[in-house]
Amino acid sequence: MRKEAFNKQLLNLEPYEGGLEMFSHLPQFKVPVSYTGAMRADRSVHPAVVRLGIKYAKKKILGSNARGIAMLTAFKIVFKEFETTEEIAIAFDKEIETVVQFLEDCRPISFGMDNIKSSLKSEIANIRSMDLEGAKEYLINYIDSTIQKIEQADALITQYGAEKIYDGDVILTYACSYVVEQIIVGANADGKKFRVVIVDSGPKYEGKTLLKKLLPLGIECSYVFIGAISYILPEVTKVLIGANTVASNGAVVSRSGSAIVAMMAHARHTPVMVACETYKFHERVHLDSICYNEVEEPNTSQDNDKPIPSNKNLKCLSLAYDVIPGDYVSVVVTEVGLIPPTSVPVFVLRDLENN
Amino acid sequence: MDFNKFPEEIIMAVHDFQVKLKRGQFFSSYEVTMQTLDLLVQITSQCEWKNASDLNQIIKHFGKKLIDTKPWDPIISNAIKRVLYIIREDYNISTIEETDAGIKQLRSSQAAISDIGNLLLKRHTSKRLDINRAGIFRLLGDKEKDDFSQSYTDLQERIIESINLVIQEVESIYEFVAEQALTHIHTNEVIMTIGHSRCVEALLKEAAENRKFQVIVAESMPSYAGRKFAGVLAGAGIETTLIHDSAIHTMMARVNKVIVGTHAVLANGGLMAMAGTHILAQAAKYHSVPVIVCTGLYKLSPIYPSQDSFAELNSPSDVLNFEEVAGDLAHVRVINPAWDYIPPDLLSLYITNSGSYMPAYIYRLLAEYYHPDDDDI
């Protein structure tokens, strides 16, 4: 990891030595025994943020939407209790940086969260002339309206997505995505008769969470591992997956394994729909899954009767994300409608212009 | 042909085999083939038969029973059809030797036929039925469609010897495959594989003795066969990385070659391989990575793929265990397919014990191992 990035860290983290060279550009650290204990002596972070960071690190909050909204809520608490004697704009700017840096140290932030951070920082320009209380109120109102916009976006995506599910459809989804769950629940509430195939894979088995949420609603569900995708795809009419972000070249960053699902569906000419709010669109360009990813702790597996042999020549790799090339994706379902993945830069540029 | 007069031992042995197969005590192509061939040697030596046609019927009778234990597995019928082909070949060789003796008498009167006789003398030492030989039979006036009813004293010995040669061939495939290792694997290459294939293991271990390269192994859920394989390769000094199945597309961007094993090879050059192999082949196609299949030719099957060929499903409890389903997850449909079909256009090369072939050539090899008349089994 670059030296500057290492120096900015708020936590004293030990680098993980057994990692692969091809991922040396990504942060790989050993999980600290105590997050509060690992904090650098000269810095301090609001306890609400520390709690949130630990929840991120322990994977108690999963999914980019949940993480984004949790971060905004934490910011509200921080701003409410914020006291400073410095110039308002600089002080708030530093505080935002500190909060985001701590969360980044606990677990790399998602692109949606990065966009939220940029938009918060650009609002700083508007509070230059205000006093402390006025600035706080302004920022808290802004955060409230952002959370509201995200929730409205989700409602619209649910509506547009549910419209695209017809009677007799067999919808395939991968792992667990909040928006996809909403779309399926919405379509079911509309009275549509369809069934769902959930594709899942280790080590997280997130598909089981989605399964537990859909089965009680009376939705007919099938559950398979990713190795069975070739067998199950002939039954499937549409594929619906969630996204962490959509890059400016139309590539979709999503849970590791989504690229396989999209690729196999594309080979059979089955339409692949990706559901993503526009606040998550990012200006970065992703050509493959190695340039950006999150390396997770290896040896995380539920299976202990099939242990991983230990040998100095053997390394285990556990990646969080996957990049789905734009060609595999038929349509992106957003709150402004259904757009092709190639139209994503329009929104990114529009936001850059506004900011 | 009185099917009730078979020796007790044979009937017990066949029954034993069926039970073991049903219980899954062996299921890899290698084990199934070896056990089937051993059983067929036993049948050939212990049952009473007068001529090749009798033996043919006996083998087909028991063969049907074995195949019915696992109708979706082509490996058992491969072994049986191979033996039926051997019976035909050895019968024809015995016929030639008899005819050959007859030719020697005619030689003095017909010079032209003596040339053919010399040709036959030379050819009968090789164990192959050439198209030319069939033509010569026509010349000599034999009917092409023999009913295999002639009795020969040395036929039983010949057949048992041939089957033992096949058993030896199957045992030695790993050496012959390993011989081709250095042609295909070079320094600093990154190779990806899935599951645990003995052929691939032999190939990689041989290459590792001379060259330094890396291997990425997909752990292949739900069997987790890849984990053991990764350990084996690491133990052989190869730099190995174990990845989850979900990362196959991710890592394919850095892979130079995909090398996989298979359960069976189909007549169109396609594969019946472990579930998950199709993902590797498809991802390799997207990234323009060659896919090499390492296999022994005993896995070559004279059948074409159909929707029903891939109906074998393993226990769903490997995916979601019974405790979970009994609780909150009732009414869920869980599927755990055993095999994947990989079409031949996704494959680049077959490395086998008898050389390297392209998928489009595989159908030609069928003629050397099987006869179309045995397809009715």
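**Overview of the overall build of chain B**
Alright, step 1. Helices and strands together make up the secondary structure of chain B, namely 15 helices and eleven strands.
Alright, step 2. A fraction of 79% describes how many contacts in chain B between residues 6 or more apart in sequence connect residues 24 or more apart.
Alright, step 3. In the structure as shown, chain B presents an accessible area of about 16,600 Å², 50% of it carried by carbon and sulfur atoms.

**Some remarks on the pairing of strand E4 (residues 257-260) of chain B**
Residue and element names in this part refer to chain B.
Alright, step 1. Side chains Lys257 and Ile259 of E4 all project onto a buried face; the interleaved residues Val258 and Val260 project onto the opposite face, where all are buried too.
Alright, step 2. Where strand E1 (residues 190-194) and E4 come together, two bridges link them in parallel fashion. Along E4, the bridge assignment pairs Ile191 with Lys257.
Alright, step 3. Direction of pairing for E4 relative to strand E7 (residues 291-294): parallel, over a ladder of three bridges. Bridging across to E7, Ile259 finds its partner in Ile292.

**Thoughts on the sheet that holds strand E10 (residues 349-352) of chain B**
Alright, step 1. Pairing is mixed across the open sheet formed by eight strands, whose spatial order is E8(A)-E3(B)-E2(B)-E1(B)-E4(B)-E7(B)-E10(B)-E11(B). Looking at which strands have only one partner, the edges of the open sheet turn out to be strand E8 (314-317) of chain A together with strand E11 (355-357) of chain B. Between one strand and the next, the sheet's axes are offset by a mean angle of 25°, whatever the strand orientation.

**Focus: the environment of B:Thr69**
Alright, step 1. Relative to the helices and strands, B:Thr69 is located in helix H3 (residues 52-69).
Alright, step 2. Not counting residues within four places of it along the chain, the set of residues in contact with B:Thr69 comprises B:Gln18, B:Leu21 and B:Lys22.

**Regarding helix H2 (residues 29-46) of chain B**
Alright, step 1. Counted at 1.5 Å a residue, the expected span for H2(B) with its 18 residues is 26 Å, and the 26 Å between its end C-alpha atoms agrees.
Alright, step 2. Those residues of H2(B) that sit buried are B:Ser29, B:Tyr30, B:Val32, B:Thr33, B:Met34, B:Thr36, B:Leu37, B:Leu39, B:Leu40, B:Val41, B:Ile43 and B:Thr44.

**With respect to the sheet that holds strand E5 (residues 245-246) of chain A**
Residue and element names in this part refer to chain A.
Alright, step 1. Ordered in space as E5-E6-E9, the three strands form an open sheet in which the pairing is antiparallel. With one partner strand each, in any of the chains shown, E5 and strand E9 (321-324) form the two edges of the open sheet.
Alright, step 2. Across four bridges, strand E6 (residues 252-255) lies against E9 in antiparallel orientation. Looking at the pairing, Ser254 lines up with Asp322 of E9.

**Considerations on unusual backbone geometry**
Alright, step 1. A cis geometry characterises the amide bond from A:Gly202 onward to A:Pro203, with omega recorded as 0°.
Alright, step 2. In the segment running from B:Met221 into B:Pro222, the intervening peptide bond is cis, with an omega of -10°.
Alright, step 3. Locating B:Pro222 in the fold gives a position in the loop between strand E2 (214-218) and helix H11 (225-235).
Alright, step 4. Phi at A:His269 takes a positive value of approximately 60°, unusual for a residue other than glycine.
Alright, step 5. Along the chain, the position of A:His269 falls in the loop between helix H10 (258-267) and strand E7 (272-275).
Alright, step 6. What makes A:His269 exposed here is its relative accessible area of 72%.

**Concerning the packing of aromatic side chains**
Given two aromatic rings, their pairing is described by the distance between the two centres and the angle made by the two planes.
Alright, step 1. Evaluation of the coordinates by the stated rule reveals 14 aromatic pairs over all chains.
Alright, step 2. Centre to centre, the rings of A:Tyr328 and B:Tyr286 are 5.0 Å apart; their planes meet at 55°, and the pair counts as tilted. A residue pair is termed interchain when its members come from two chains, as with A:Tyr328 in the loop between E9 and strand E10 (331-334) and B:Tyr286 in helix H13 (residues 277-286).
Alright, step 3. Exposure remark for A:Tyr328: the relative accessible area of 3% places this residue in the buried category.
Alright, step 4. Aromatic ring contacts, followed pair by pair, group A:Phe75, A:Phe79, A:Phe82 and A:Phe92 into a single cluster.

**Points about the state of the cysteines**
Alright, step 1. Under the defined criterion, the tally for this structure stands at zero disulfides over all chains.
Alright, step 2. Here A:Cys221 stays unpaired: no disulfide links it, and the sulfur of A:Cys176, its closest cysteine neighbor, is 12 Å away.
Alright, step 3. The closest cysteine sulfur to the non-disulfide-bonded B:Cys199 is located on B:Cys294, 5.4 Å from its own sulfur.
Alright, step 4. Residue B:Cys199 is classed as buried on the basis of its relative accessible area of 3%.

**Here we look at the pairing of strand E1 (residues 170-174) of chain A**
Residue and element names in this part refer to chain A.
Alright, step 1. With respect to burial, E1 is a largely interior element, five of its five residues being buried.
Alright, step 2. Covered by surrounding structure in E1 are Val170, Leu172 and Tyr174 together with Ile171 and Thr173, the residues of both alternating faces.
Alright, step 3. Alignment of E1 against strand E2 (residues 195-200), held across five bridges, turns out to be parallel. Bridge assignment links Thr173 to a residue of E2, and that residue is Ile198.
Alright, step 4. Following the backbone out of E1, through helix H7 (residues 178-189) and into the adjacent parallel E2, one traces a crossover that is right-handed.
Alright, step 5. Relative to strand E4 (residues 238-242), E1 runs parallel, the two sharing two bridges. Bridging from a neighbouring strand, Leu172 pairs with Val239 of E4.

Parameters and conventions
Residues numbered from 1 in each chain as written. Chains lettered and ligands numbered in written order. Predicted model: local features only at pLDDT ≥ 70, side-chain atom pairs only at ≥ 80, totals over all residues. Heavy atoms only, no water. Helix = DSSP H or I, 4+ residues; strand = E, 2+ residues; numbered from the N terminus. Contact = heavy atoms within 4.5 Å. Areas by Shrake-Rupley, 256 points an atom, 1.4 Å probe, with all protein chains shown as cover. Buried < 20%, exposed > 50% of the residue type's maximum accessible area, 1.4 Å probe, protein only. Pairing = 2+ DSSP bridges. Axes fitted to C-alpha atoms, helices over the stretch in contact; angles between N-to-C directions. Expected span 1.5 Å × (residues − 1). Phe/Tyr/Trp six-rings, centres within 6.5 Å; stacked < 30°, edge-to-face > 60°. Disulfide = S-S within 2.5 Å. Right-handed = clockwise from strand over helix to strand, strands pointing away.

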